[in-house]
Each structure stands twice: as C-alpha cells, then as structure tokens.
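Report on the structure
Here's the letter readout for the chains.
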Amino acid sequence: MKVTAIRAQKNKTDRFSIFVDDKYSFSFSESELIESKIYSGQEITKSLVTGFQKSSKLDKFYNQVLRLISNRPRSKKEIIDYLTRKQLDQVQIEIVVDKLDKHNLIDDQDFARRWIENRLLLKSASKRRLSQELRQKGIDIDIIDTALDQTVINDKKQLIELVEQKMSQPKFKNDKLKLMQFLARRGFNYGDIKEVLEQFN
C-alpha cells in the first residue's frame, strides 16, 4: 500500500485528504498531518492505515472542540460532556482532553476567574450563587473558593444595587415577597435581604 496523494479539501481548507492506492482513506488537520509525518509516496501498512483512520476521527473532534472553546472558554466537564454527546468512548475522550491539556487549552482556574468576572459585569450575583453556577460547570470547590477569594465581591453592595434596580419595576415594588424570593434565588441570604429591604420602606 502506498500514500498516492495528499490534497487540501475544497470546503475545509484547514484539512487534508489522504489517498492510499489512489483511493480516499482519511483526512487530517494541518497540525495532525505534520505530527503524523505522513508523506506522498510513502509505503504504508494496512495496520498503520487503520491507526491513522482512528486518529483522523479524534482529530476531527479535537478541532470541533477548538471551535467550541473559541466562542467562549469551557470547563473540563463541559468539554467531556460535549464529547460524550458526540458518542466518543471514555478512552477517546481522554485522548482528546489530554491533547487539549497538553496545549494548555483547558484551565479550570482561569475558567472560574473569567466566569466570575463576566457574571459580575452582566448582573449582580452573590458569592453563593456564583459558587453554585461553577459547581454546575464541574469546577472543583477548592478552585472556586480561590477564584472567589481573588475577586473583590461585596455581597451587601451587590444586593443593594440589585434591590434599587428591581424596586423600579412595579411587580417587585408592590410585592416584597416576590422580590425576596427573587433575591434568595440569586443566592443572597435572608438576613441581608431583610436588612436591605428595610432601608427601602
């Protein structure tokens, strides 16, 4: 068996089709092609072709994950869940995740820090609420605690700003119980909620 051609794909210019004995066999991204050291005219065994075909499948999913995390950072759990939905088995998932980790593309500490910063820019949230959200993303509690400690979050100030905002809305201004329930869902504790609301009576 011989590699007879390596051609850039028309619709996906970042991928290359590899032909063995003049027939399409598998495809690689540019980085995987370089790493494989495969070349046109190379004599190749059937077992090696089979191995390359398996690598090709993982390479495609690896690049799908790259596109996924280019939209926004993802936690390790989110990536594993994504690959699981794509029906990769545990060994395949570990290979893809290890490659991402090798290239420093998975960093739950950085993810936690960015998540907290972005959430606080968008709307007020308590430390408890942020911690709950990050736990749902599969972030280790020690990483969460460190990220929260490194971010200046004043729960009382966040609460006051949120109450001021919501009190301008009739459904909350005229129904304190509904406002208290809303604030509790945001993770603020009852004592702080009661104390702040008393300031607005």
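Our structure is the block above this text.
Now for a quick tour of the structure. (Residues numbered from 1 in each chain as written. Predicted model: local features only at pLDDT ≥ 70, side-chain atom pairs only at ≥ 80, totals over all residues. Heavy atoms only, no water.)

1. A look at the packing of helix H2 (residues 46-71) against helix H4 (residues 90-102)
For any two helices packed against each other, the geometry comes down to the angle between their axes and how far apart the axes lie. Taken N-terminus to C-terminus, the directions of H2 and H4 make an angle of 50 degrees; their axes are 10 Å apart at the nearest point. For the element pair H2 / H4, the angle class is oblique. In this structure, the crossing between H2 and H4 has a hand that is right-handed. From H2, Lys57, Leu58, Asp59, Tyr62, Val65 and Leu66 reach across to H4, where they touch Gln92, Ile95, Val96, Lys99 and Leu100. Grouping the constituent residues of the contact of H2 with H4 by class yields seven nonpolar, one polar and three charged. (Axes fitted to C-alpha atoms, helices over the stretch in contact; angles between N-to-C directions. Helix = DSSP H or I, 4+ residues; strand = E, 2+ residues; numbered from the N terminus. Parallel < 35°, antiparallel > 145°, perpendicular 65-115°, else oblique. Left-handed = near helix turned anticlockwise from the far one by under 90°. Contact = heavy atoms within 4.5 Å. Nonpolar A, V, L, I, M, F, W, Y, C, P; charged D, E, K, R; others polar.)

2. Structural notes on the side chain of Ser17
One can find Ser17 in strand S2 (residues 15-20). Classification of Ser17 by relative accessible area gives buried; the value is 11%. For Ser17, the side chain forms a polar contact with the side chain of Gln9, separated by 3.1 Å. Apart from residues no more than four positions distant in its own chain, Ser17 is found in contact with Ala5, Ile6, Arg7, Gln9, Tyr24, Phe26 and Ser27. (Buried < 20%, exposed > 50% of the residue type's maximum accessible area, 1.4 Å probe, protein only. Polar contact = N/O pair within 3.5 Å; in protein donor to acceptor, adjacent residues only side chain to side chain.)

3. Regarding the sheet that holds S2
Across the sheet, three strands lie side by side as S1-S2-S3; this open sheet has antiparallel pairing. Where the open sheet ends on each side, the last strands, each with one partner, are strand S1 (3-8) and strand S3 (23-29). For this sheet, the mean angle separating the axes of adjacent strands, direction not counted, is 25 degrees. Strand direction decides the pairing type here: S2 and S3, joined by six bridges, are antiparallel. (Pairing = 2+ DSSP bridges.)

4. Structural notes on the environment of Ser29
With respect to the helices and strands, the residue Ser29 is situated in strand S3. Here Ser29 falls in the buried class, since its relative accessible area comes to 3%. For the pair Ser29 and Phe182, spaced 153 residues apart in sequence, the C-alpha to C-alpha distance is 49 Å. Other than its neighbours up to four places away in sequence, Ser29 contacts Asp14, Arg15, Phe16, Asp59 and Asn63.

5. Digging into the packing of aromatic side chains
Per the stated rule, a full pass over the model turns up five aromatic pairs. Taking 6.0 Å as the distance between ring centres and 80 degrees as the angle between the ring planes, the aromatic pair formed by Phe19 and Tyr24 counts as edge-to-face. In this structure Tyr24 comes out as partly exposed when scored by relative accessible area, which is 45%. Measuring from ring centre to ring centre gives 5.9 Å for Phe111 and Trp115, while their planes differ by 25 degrees; the resulting arrangement is stacked. Taken as a pair, Phe111 and Trp115 lie in helix H5 (residues 108-122) at a separation of four residues, close to a single helical turn. Accessibility expressed as a relative area gives 3% for Phe111, which makes it buried. Linked through ring pairs, Phe26, Phe28 and Phe52 together constitute an aromatic cluster. (Phe/Tyr/Trp six-rings, centres within 6.5 Å; stacked < 30°, edge-to-face > 60°.)

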